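Each chain, written out:
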Amino acid sequence: MIGIPTALLLGTILLLLLLFVAARGSMDARESSSRSDVPLLDDEAVIDPCPPEFVARIFSPRDWEFVSETKSPQLEKLFRRERKLVALAWVHQTSLAVRRIMREHTQAARHSHDLQFATESKLVLLYAELMFLCGMLFLAIQSAGPERVRGLAVYAGTLSQRLAQAQHDLKAITAGREFHSAS
Amino acid sequence: MNAAVKLVPVQAAYDDLLQRSLSKISCDLARLIYLASTRDYNSGNYHHDGLAVRFRPDVAGKALEIAHRQVFYQLSAYSLEELVEQLRIYLDNSHESAADVLRIWQKLEPYRVAIPVEVNPAVARLFLSNVRLALAIWRFRQEQAPKNP
């Protein structure tokens, strides 16, 4: 058994580490994204999470198998470089979308009179998990390649869709309540 | 209610476009190029004479825009192998020589302007990257062909 101060210390270190990984991942993904061929998305742009079927496609090992059948080192190198850039751009876009959703939610929550602690806590935890996953994915894509982190990417994609849906539902409920209280 | 009334002619124009034009085009890659060519470079508006006469110009434009986005997402969801096959069909049906088309596509990357305006940026990147790879694979195969007859 460890004492409360030790647990708190370990928790704080872990939290700082997670924040560092997330921030570093996001910064590096932004840098890589700006080197890519589609204009960089700015923070204010309305970006939705990427549809799940495309997340699976980006990280699919099938394309890699197809390219490796050519037995051409140049093609294999080109594929690795291209797919890595696309995967990093996806991580960057996902983290932007998640931050935008939370920003919108925070703004809406400020004007809400009936916040539910359990729902808010779940959303914050989901947000923290997603930001951590984005940081982890960035490092994993850089070191292992996109095809090796498919499961983690698909999981992060599903979570980001869930967060977007939760925010959408909350918005609809709030709008419904405001409509009823006004009428 | 109003929106539903407006949707009906767009759906009718879309079905007409699918039946009269798109179904006669050999593959999705060619459909994408065709639909992108109906878009004005400056305004981004879509135009198709026949469709605009049968429906209204704005309805025809909306139907073209929807079809463009749909074909784009279909193509982007293809595996690299399927995209290489799309490229083969496109080149086979082109009036130019395959080698010339390949050279120009690799040099000028005209497929960049075939992307619809409002699409997911990650999907747009995936599409561009996959076309670039498909072209490289196709060229590699062409270079290998004389060596392995």
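What comes next concerns the included structure. Quantities reported herein were computed from a predicted structural model and do not represent experimental measurements.

1. A closer look at the overall build of chain A
Across its full length, chain A carries 6 helices and 0 strands. Written out in order from the N terminus, the α and β elements of chain A read α-α-α-α-α-α. Here chain A holds 183 residues, and 27% of them are scored as buried. Look at the contacts in chain A between residues 6 or more apart in sequence, and 85% of them connect residues 24 or more apart.

2. Points about the environment of Gln-161 of chain A
All names here are of chain A. Residue placement: Gln-161 occurs in helix α6 (residues 150–182). Overall, Gln-161 belongs to the partly exposed group, with 17 C-beta atoms counted inside 10 Å. Taking the C-alpha atoms as reference points, Gln-161 and Asp-48, separated by 113 residues in sequence, lie 8.7 Å from one another. Beyond its immediate stretch of four places on either side in the chain, Gln-161 contacts Pro-49 and Pro-52.

3. Details of the interface of chain A and chain B
Contacts between chain A and chain B engage 28 residues on the former and 19 residues on the latter. Looking at the side of chain A that touches chain B element by element, the count peaks at 10 residues for helix α4 (residues 73–110) of chain A. Here the residues of the side of chain A that touches chain B are counted per class, giving 16 nonpolar, 4 polar and 8 charged.

4. Comments concerning the packing of α4 of chain A against helix α5 (residues 117–144) of chain A
Residue and element names in this part refer to chain A. Orientation of α4 relative to α5, taken along the N-to-C sense of each, is 165°, at an axis distance of 10 Å. As summarised for this structure, α4 and α5 are arranged roughly antiparallel, according to the angle between their axes. Viewed along their axes, α4 and α5 form a crossing whose handedness is left-handed. Facing Lys-84, Ala-87, Leu-88, Val-91, Thr-94, Ser-95, Val-98, Met-102 and His-105 of α4, the residues of α5 in contact are Leu-123, Tyr-127, Leu-130, Met-131, Cys-134, Leu-137, Phe-138 and Ile-141. Within the contact of α4 with α5, the residues separate by chemical class into 13 nonpolar, 3 polar and 1 charged.

5. So, helix α4 (residues 57–76) of chain B
With 20 residues, α4 of chain B should cover 28 Å at 1.5 Å per step; its first-to-last C-alpha distance of 28 Å lies within 8% of that length. When α4 of chain B is considered as a whole, its buried residues turn out to be Val-59, Ala-60, Gly-61, Ala-63, Leu-64, Glu-65, Ala-67, His-68, Val-71, Phe-72, Leu-75 and Ser-76 of chain B.

6. Examining the packing of helix α5 (residues 80–92) of chain B against helix α7 (residues 121–144) of chain B
All names here are of chain B. Closest axis-to-axis distance for the α5/α7 pair is 9 Å, and the angle between their directions is 65°. The angle between the axes of α5 and α7 places the two elements in the roughly perpendicular class. Where α5 crosses over α7, the handedness of that crossing is right-handed. Across the interface between the two elements, Leu-80, Leu-83, Val-84 and Leu-87 of α5 pack against Asn-130, Leu-133, Ala-134, Ile-137 and Trp-138 of α7. Its residues assigned to classes, the contact of α5 with α7 shows 8 nonpolar, 1 polar and no charged.

Calculation notes
Residues numbered from 1 in each chain as written. Chains lettered and ligands numbered in written order. Predicted model: local features only at pLDDT ≥ 70, side-chain atom pairs only at ≥ 80, totals over all residues. Helix = DSSP H or I, 4+ residues; strand = E, 2+ residues; numbered from the N terminus. Buried ≥ 20, exposed ≤ 12 C-beta atoms within 10 Å, placed from the backbone. Contact = placed C-beta atoms within 7 Å. Nonpolar A, V, L, I, M, F, W, Y, C, P; charged D, E, K, R; others polar. Axes fitted to C-alpha atoms, helices over the stretch in contact; angles between N-to-C directions. Parallel < 35°, antiparallel > 145°, perpendicular 65-115°, else oblique. Left-handed = near helix turned anticlockwise from the far one by under 90°. Expected span 1.5 Å × (residues − 1).

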